[in-house]
Amino acid sequence: MSALDRAIAAAAERLRATSPTPRLDAEVLMAAALGIGRDRLLLDPPSGPPPARFAEMFERRLAGEPVAYITGRRDFWNIELEVGPGVLIPRPDSETLIAAAVEHFAGTPGPKRILDLGTGPGTLLLAALDQWPTATGLGIDFSPNALAYAERNARRLGLADRAELRVGDWAEGIEESFDLVLANPPYVARDAVLGAGVTEFEPAEALFAGDDGLDAYRKLAPQLSRLILRGGLAAIEIGFDQADSAAAVLAKSGLSSRLAHDLGGRSRALLVTSA
């Protein structure tokens, strides 16, 4: 067993008490410390001892800090995003919204104008712009810190000329309508118990939405109908147990919706279309 293998195995063993994916975490951190991809680490690892940086990164993970904050990167759909403290870490579950949009626009040139409400580090907007190379879009977030990440991501991905990023309060002040509206609002109830490291490190304002987790939907629902162009789609992320409650909030604003499930089969998005 090489020195790298021994270090990874030892780190994974120590992480078992604090992480649901100890071996994966150790491999991702080692790859980042070496400045290589995890695939190369597994298939063609370099020789020699672990870099000194690995020990520091491992201690941060042992203290509960999310891997994405430690490495500064997170893959989402077909892009890689820069992330860090103060922004919500993109989750694979949110790819459900992009997948639903791909299905909706199948057989067409795709959306021309895209709106991402609560864009964070540009997660949904930049994934959609990468998916549809002729589209342009607008990303809104209340956090200047999150938008700074989004701006850097847009430049690094070569999408800055197609992505406008703006500080705002959801869709207030937006008079334009869009072919595709995406939103991953906060939807966690105030007293909900989340996984280790989430509430300790990720921004509470991007997670929690009142006593029942529905406050953001109550604000979004009255704005949606005017935002969607004829033939367009709005895809709104929800918690796995909010299919009925979030749909009821939309219904109060006269919006009918259908449900989309993530790869785990859980309720993950409400889809609203415009006739």
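Note: the structure precedes this text.
Attention here is on the structure that accompanies the text. If you're wondering where the values come from, they're calculated on a predicted model, not measured in any experiment.

As a further point, take unusual backbone geometry. Note: most residues except glycine have negative phi, and most peptide bonds are trans. One non-glycine residue, Trp77, lies in the positive phi region at around 50°. Along the polypeptide, Trp77 turns up in the loop between strand 1 (73–76) and strand 2 (79–82). Here the phi dihedral of Trp170 falls at roughly 55°; this positive angle occurs in a residue that is not glycine. Within the secondary structure layout, Trp170 lies in the loop between strand 5 (163–167) and strand 6 (178–183).

On to the pairing of strand 9 (residues 267–273), then. Looking down a regular strand, the side chains alternate between one sheet face and the other. The element strand 9 is extensively covered by neighbouring structure, given that 6 of its 7 residues are classed as buried. With 5 bridges joining them, strand 7 (residues 228–237) and strand 9 adopt antiparallel strand pairing. By the bridge assignment, Ile236 is partnered in strand 9 with Leu270. Pairing of strand 8 (residues 258–261) with strand 9 involves 4 bridges; the strand directions are antiparallel. In the sheet register, Ala260 faces strand 9, and the bridge partner there is Ala269.

Right, let's talk about the packing of aromatic side chains for a bit. Per the stated rule, a full pass over the model turns up 2 aromatic pairs. With centroids separated by 6.4 Å and ring planes inclined at 25°, the aromatic side chains of Phe54 and Phe58 adopt a geometry described as stacked. Of this pair, Phe54 and Phe58 both sit in helix 4 (residues 52–62), 4 residues apart, which is roughly one turn of the helix. One exposure class covers both Phe54 and Phe58, and it is buried.

Cut-offs and rules
Residues numbered from 1 in each chain as written. Predicted model: local features only at pLDDT ≥ 70, side-chain atom pairs only at ≥ 80, totals over all residues. Heavy atoms only, no water. Helix = DSSP H or I, 4+ residues; strand = E, 2+ residues; numbered from the N terminus. Buried < 20%, exposed > 50% of the residue type's maximum accessible area, 1.4 Å probe, protein only. Pairing = 2+ DSSP bridges. Phe/Tyr/Trp six-rings, centres within 6.5 Å; stacked < 30°, edge-to-face > 60°.

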